[in-house]
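For reference, the chains in residue letters:
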2 protein chains.
Amino acid sequence: MTVTAPKGFSAAGVTAGLKKSGRPDLSLVVNTGPKKAAAAVFTSNRAQANPVIWSKQAISDGVVEAVVLNSGGANCFTGAQGFQTAHATAEAVAEHLGVSAGDVLVCSTGLIGEQLDREKVLAGVAAASEALSSDGGHNAAVAIMTTDTVPKTVLIERDGWSIGGMAKGAGMLAPGLATMLVVITTDVDLDSSALDAALREATRVSFDRLDSDGCMSTNDQVTLMASAASGVTPAIDEFTAALTEACSDLARQLQADAEGASHDIAIEVVGAASEDDAVEVGRAVARNNLFKAAVFGNDPNWGRVLAAIGTTSADFDPYQVDVSMNGVRVCHAGEPDQPRDLVDLTQRSVHVLIDLRNGDAEATVLTNDLTHDYVHENSAYSS
Amino acid sequence: MTVTAPKGFSAAGVTAGLKKSGRPDLSLVVNTGPKKAAAAVFTSNRAQANPVIWSKQAISDGVVEAVVLNSGGANCFTGAQGFQTAHATAEAVAEHLGVSAGDVLVCSTGLIGEQLDREKVLAGVAAASEALSSDGGHNAAVAIMTTDTVPKTVLIERDGWSIGGMAKGAGMLAPGLATMLVVITTDVDLDSSALDAALREATRVSFDRLDSDGCMSTNDQVTLMASAASGVTPAIDEFTAALTEACSDLARQLQADAEGASHDIAIEVVGAASEDDAVEVGRAVARNNLFKAAVFGNDPNWGRVLAAIGTTSADFDPYQVDVSMNGVRVCHAGEPDQPRDLVDLTQRSVHVLIDLRNGDAEATVLTNDLTHDYVHENSAYSS
C-alpha cells in the first residue's frame, strides 16, 4: 500500500523500457485531493540534475498534483535537451491528469551524462496514467528500484490519519551512496508551509544522518504530499513526530540495503558541546575508509575512530574521549581500556559509542562498512 | 645511499623486535655536522601521537642532532606511559651520541592504542647507535617500512651540494593512507628558518597534494636536516626548487606503492579562480569513493567527477566545466562530449583533466583507485 495507504492518493509502476534489465522503471504518484499541499527537499549538491532543477521550480507554490519518477537514467549533465525531457515528462503527466505541468514534480535516477529516451519516458507516462490505482503503491515502490534488492516502504497510522512512504537508494539527502528518491503521502489537512517545516525537521534527523559512503548525489529528492482526505488537522508537533518516525524507518531500510554492505553501523556521539559537534564527529567516523574497512574485517580498530575525530573542528579534547564498540569500552580518556579482543563484530549491527565528555548534546549517524562487494558493485555500475 | 648521500650524515636500520614479522623496525639518522639546522612539518590531525608531541617540542629551537624512527607501533593514544616511552627513546639516543635529548626527534608508525615495548625500543636504539654508518641510508629506509612493498628514497644532486631522502607509507601530511614518515637530509649551509620556509613550500605542493584515501594519520612527520658539510649556501629559490623536486619524487613513490591500489590517478584542475579552488576541486574528486571504484573497474564514469566537484564551495559553474580522461574530452560545458567508450583506463596511470573555465589557477592532486585489495589490506591490518 505504502504511498497509497493514506486516503486521497493513487499510484502506478510500469515498465517504460529505460532499464536494460526490462524491469519496471517508471512510477507515478498522484494526489487526488481534496487538497494538494506539498513540500520537498533536494540534494545540496551544486551539480543538480535536470529533474531537480525542474522540481525546485514546480514546488515553489507549495502545490503538487503528482510526482513522476524514473529509474534507468539520472538525466543529469544532459544539457538543454535533458531539461526539455524533464519538462516534457511533466507536461505529459499534466495532460493525462488534466492539471498544470507546473504542479508535477519529476525525479530521475541512474547513470549521469546520458540522455533519457524521451519517447520511452512519454509512453511510460501514458501507461502509468492508465494504470493508476488506489492500491498501486507497491508497484510504484518497485519501479523506482535500481541497485536496491528490496522495495522500501513505510506506513505510520494515527487516530484518523496516516503517513505512507516509499524510498529507493542507499544514502542520504546529502551525501548519498546512490540517488535517494523518497515520496511520502499523508491524508492530513496541513498547508504547505507546515508541511515544509515538518519535512525539514524530519529529514534533518533521519536521512541527513545516514551517510553510507560520503558521496553526494545530484538527484536526491524527498517529496511530501498531503491530500487532506482524512479531514484531520493534527497538532504540528504530533505530525512532525510521526513524519520523523516514517523518515527514520525508511532511512534504516536504506542503510540495511546499502550496496555491498555487510555491517550496519550506528555511530552514537554523546557528551558533545552542541548537536552540530556531535553530527560532525559522527560523520567524520562514518566517512573514514580505514575504519569502515576494519569493521568489514570484524576488527575493533578504535584507533581509527580517534584518528577520524581528530580531523574535526568540534569542541572537545581528543585525549578525554571514551570509545565503546558493541558495549565494550576499548578507550577511556584517550588511553586503552578494555582489551579489543572482547569486542564481537560478527553481527551485522554495530554500535560505536563516542563520549566526548564535553557537554550534553548528542546525535547518531548511520553508516555501513567498506566491503569487497561495495567496490565490486560500484566498479561495475551500469544500471 | 639516500639520507646518507649528502655529506655530514650517518644512519642505521636494525631489528628491535617490535614487528611480529621479525623484519627491521628501527632507524636512526644522525647529522654529523658541522651544523645541525633543521625544520619539520607534522600531521594537522588534532589527535597526535606521542612522538609527534615530543618532536614538536624538540624542533622548536631549529636544532636537530638525530631522528629515531620505529615501525611496529604508532605510540598514539597510549597516555603518559606512551609519552614516557617517546621521551626515553630520545634520551637513549642522546646518551649514545653525547648530545641533548631535546635535539632528538622521534617518529613512530603502526597500530594506534597499543603500548610500545620500551625495553625493545631502547635495545634497538643501542644497536642502531653501534651500527651507524655513512652508507647506512638504505638500511634506514628499509627499517621504516610497514605495508610498503619497496623502500622509497631520493637523491637530488646539484653543483657541490645534494639532497637525500627516505619515506614510508602512502598518503600525505594530512590526510594519509597510513602514517607517512619522511626524513630529508642536505649538506647545504642554510639556517633553520630558511629550511622551514623551503620545507613548507615543498610539502605544500607535493605531499599535501597526495590524497590516497582521505584518511589523516596521527603520526605523519617530515623532517629536514642540514649539515652544512658541503660549505655551499645556495640561493633559497634554487634550494626550494630542488627540495620540491625531492618531495614530489617521494610523493610519486608513495602513490605508486599505495595499499592495494591498481591505478595512480593524477587529477589536474585548470581554469580555476584560485589555487585553493583548484586544490579543493581536485581533493573532492580524489576522495570520492564512487569515482575511485569506477576507475578500479576501468570505467570512465565522468558523472561521478562532476557529482564530486558539485560538493565543493569553489568558484565556478558546474555547467561550464570540461572533463577529459586520458586525453578524451568526455564532458564539455556540462554536457556529454566524446563517447566514454573511447577512454582507455587499462593502464596504471590515469590522467583526469578538469577545466573549470573560470580563471588561470591550477593544481594537481594525486590519488589512487578504490580496490578489493585496499579493502582487504585495511580489514586485515595488524602490522
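Residues numbered from 1 in each chain as written. Chains lettered and ligands numbered in written order. Predicted model: local features only at pLDDT ≥ 70, side-chain atom pairs only at ≥ 80, totals over all residues. Heavy atoms only, no water.

So, on to the packing of helix α5 (residues 192–204) of chain B against helix α6 (residues 236–256) of chain B. All names here are of chain B. Where α5 meets α6, the axes come as close as 9 Å, and the angle between the chain directions of the two elements is 45°. One finds that α5 runs oblique with respect to α6. The crossing of α5 and α6 is right-handed. Residues Ala194, Leu195, Ala198, Leu199, Glu201 and Ala202 of α5 lie in contact with α6, whose contacting residues are Ile236, Phe239, Thr240, Leu243, Thr244 and Cys247. Class assignment of the residues belonging to the contact of α5 with α6 gives a composition of nine nonpolar, two polar and one charged. (Axes fitted to C-alpha atoms, helices over the stretch in contact; angles between N-to-C directions. Helix = DSSP H or I, 4+ residues; strand = E, 2+ residues; numbered from the N terminus. Parallel < 35°, antiparallel > 145°, perpendicular 65-115°, else oblique. Left-handed = near helix turned anticlockwise from the far one by under 90°. Contact = heavy atoms within 4.5 Å. Nonpolar A, V, L, I, M, F, W, Y, C, P; charged D, E, K, R; others polar.)

This part covers the nonpolar core. All names here are of chain A. Membership of the largest hydrophobic core comes to 84 residues, with the highest contact counts inside it found for Val323 and Ile354. Ranked by the residues each element gives to this core, the list is headed by helix α9 (residues 302–309), at six residues. What Val323 contacts, discounting residues up to four positions off in sequence, is Trp302, Val305, Leu306, Val328, Arg329, Val330, Cys331, Val352 and Leu353. (Core = buried A, V, L, I, M, F, W, Y, C linked by side-chain atoms within 4.5 Å. Buried < 20%, exposed > 50% of the residue type's maximum accessible area, 1.4 Å probe, protein only.)

What follows deals with the packing of aromatic side chains. Evaluated as defined, the whole model comprises six aromatic pairs over all chains. Relative to Phe239 of chain A, the ring of Trp161 of chain A lies with its centre 5.8 Å away and its plane at 45°, an arrangement referred to as tilted. With Trp161 of chain A in strand β7 (residues 161–168) and Phe239 of chain A in helix α6 (residues 236–256), this pair connects stretches of sequence that are 78 residues apart. Under the relative-accessibility criterion, Phe239 of chain A is labelled buried at 0%. Note that Arg46 of chain A overlies the ring of Phe316 of chain B, its terminal NZ or CZ placed 4.7 Å from the centroid. (Phe/Tyr/Trp six-rings, centres within 6.5 Å; stacked < 30°, edge-to-face > 60°. Lys NZ or Arg CZ within 6 Å of the ring centre and 35° of its normal.)

All names here are of chain B. Applying the stated criterion across every chain, the model contains 34 salt bridges over all chains. A salt bridge links Lys7 to Asp187; its shortest N-O distance comes to 4.0 Å. Of this pair, Lys7 sits in the segment before β1 (9–14) while Asp187 sits in the loop between β8 (181–186) and α5, placing them 180 residues apart in sequence. Note on Asp187: relative accessible area 1%, which makes it buried. With its nearest N and O atoms 3.3 Å apart, the salt bridge here joins Asp211 to Arg283. (Salt bridge = Lys/Arg side-chain N within 4 Å of Asp/Glu carboxyl O.)

Residues and elements named next belong to chain A. As far as domains go, chain A holds domain 1 (2–256) and domain 2 (264–379). Inter-centroid distance (C-alpha atoms) of domain 1 to domain 2 is 32 Å. Between domain 1 and domain 2, a total of about 1,300 Å² is buried, with carbon and sulfur atoms accounting for 40% of that surface. Per-residue buried area on domain 1 facing domain 2 is highest for Arg209, Asp211 and Gln255; these three make up 49% of the total on that side. At the surface where domain 1 touches domain 2, the tally comes to four salt bridges. (Domains from an automatic or database assignment. Buried area = accessible area lost by both parts, 1.4 Å probe.)

All names here are of chain A. Burial within strand β10 (residues 264–272) is extensive, with eight of its nine residues counted as buried. Pairing geometry for β10 and strand β14 (residues 349–355), over seven bridges, is parallel. Counted as the bridge partner of Asp264 is Ser349 from β14. (Pairing = 2+ DSSP bridges.)

Let us now look at the sheet that holds strand β8 (residues 181–186) of chain A. Remark on secondary structure: sheet strands pair via backbone hydrogen bonds, oriented parallel or antiparallel. Residue and element names in this part refer to chain A. Here five strands make up an open sheet; going across it, the order is β3-β9-β8-β7-β6 and the pairing mixed. Looking at which strands have only one partner, the edges of the open sheet turn out to be β3 (37–42) and β6 (152–158). Mean inter-strand twist for the sheet, computed between neighbouring axes without regard to direction, equals 10°. As judged from the six bridges shared by β8 and strand β9 (residues 221–226), these two strands associate in the parallel manner.

Time to look at the interface of chain A and chain B. With 54 residues of chain A at the interface, the matching set in chain B holds 54 residues. Regarding the contact of chain A and chain B, the summed buried area is about 4,300 Å², with carbon and sulfur atoms giving 56% of it. If you sort the residues of chain A by the area they bury against chain B, Arg46, Phe77 and Tyr319 of chain A come out on top, with a joint share of 18%. At the junction of chain A and chain B, the tally comes to two salt bridges. Run the count over chain A and chain B and you get 20 residue pairs in polar contact (both at pLDDT 80 or more). Looking at the side of chain A that touches chain B, the elements with two or more residues in it are α2 (79–97), α8 (289–296), α9, β13 (335–336) and α10 (372–379) of chain A. In terms of residue count, α10 of chain A provides more of the side of chain A that touches chain B than any other element does, six residues in total. (Polar contact = N/O pair within 3.5 Å; in protein donor to acceptor, adjacent residues only side chain to side chain.)

What follows deals with the relation of the copies chain A and chain B. When chain A is brought onto chain B, the operation consists of a screw motion whose angular component is 180° and whose axial shift is 0.0 Å, with 0.0 Å RMSD remaining. Here the symmetry operator amounts to a two-fold rotation axis. Taking C-alpha positions as the reference, the residue of chain A nearest the rotation axis is His372 of chain A, at 2.6 Å. (Least-squares fit on C-alpha atoms with pLDDT ≥ 70 in both.)

All names here are of chain B. The strand order across the open sheet built from five strands is β3-β9-β8-β7-β6, with neighbouring strands paired in mixed fashion. Two strands in the sheet have a free side with no partner beyond their single neighbour: β3 (37–42) and β6 (152–158). Strand-to-strand twist across the sheet, computed as the mean angle between neighbouring axes with direction ignored, equals 10°. Where strand β7 (residues 161–168) meets β8, six bridges bridge the pair, whose relative direction is antiparallel.

Right, let's get into the UniProt feature "binding site: substrate" (unreviewed entry) in chain A. Residues and elements named next belong to chain A. Sites flagged by UniProt as "binding site: substrate" (unreviewed entry) map to Thr146, Lys168, Thr179, Glu259, Asn378 and Ser383. For Asn378, the location among the structural elements is in helix α10. Asn378 sits in the buried class, given a relative accessible area of 1%. (UniProt positions renumbered as here; feature names shortened; annotations may be inferred.)

In this section: the state of the cysteines. What the rule picks out here adds up to zero disulfides over all chains. Between Cys247 of chain A, a free cysteine, and Cys107 of chain A, which holds the nearest cysteine sulfur, the sulfur-to-sulfur gap is 14 Å. Unpaired in this structure, Cys331 of chain B has its nearest cysteine sulfur neighbour in Cys76 of chain A, at a distance of 9.7 Å. Cys331 of chain B gets classed as buried once you look at its relative accessible area, which sits at 0%. (Disulfide = S-S within 2.5 Å.)

Moving on, we get to the side chain of Glu259 of chain B. Among the structural elements, Glu259 of chain B can be located in the loop between α6 and β10 (264–272). In this structure Glu259 of chain B is buried but unpaired, with Arg304 of chain A as the nearest side chain of opposite charge at 6.3 Å. Looking at Glu259 of chain B, its side chain comes within polar contact range of the side chain of Thr147 of chain B, at 2.6 Å. A distance of 3.3 Å separates polar atoms of two side chains, one belonging to Glu259 of chain B and the other to Asn378 of chain B. (Lys, Arg positive; Asp, Glu negative; His and termini not counted.)

With that settled, the discussion passes to the pairing of strand β11 (residues 322–325) of chain A. Residue and element names in this part refer to chain A. Here β11 shows a buried face lined by Asp322 and Ser324 and a second buried face lined by Val323 and Met325. The pairing of β11 with strand β12 (residues 328–332) spans three bridges and is classified as antiparallel. Of the residues in β12, the one forming a bridge with Ser324 is Arg329. Linkage of β11 to β12, two consecutive antiparallel strands, is achieved through a turn of two residues, within which Asn326 is found at a positive phi near 45°.

All names here are of chain B. Secondary-structure assignment places Pro234 in the loop between β9 (221–226) and α6. C-alpha of Pro234 to C-alpha of Asn358: the two residues are 124 residues apart in sequence and 38 Å apart in space. When near neighbours in sequence (up to four residues on either side) are disregarded, Pro234 contacts Trp161, Val188, Leu190 and Phe239.

Moving on to the packing of helix α1 (residues 50–58) of chain A against α2 of chain A. Residues and elements named next belong to chain A. Put simply, α1 and α2 touch, their axes get as near as 8 Å, and they point 50° apart. When the interaxial angle is binned, α1 and α2 end up oblique. Handedness of the α1/α2 crossing: right-handed. Seen from α1, the contacting residues are Asn50, Pro51, Ile53, Trp54 and Gln57; seen from α2, they are Gly79, Gly82, Phe83, Ala86, His87 and Ala90. Here the residues of the contact of α1 with α2 are counted per class, giving six nonpolar, five polar and no charged.

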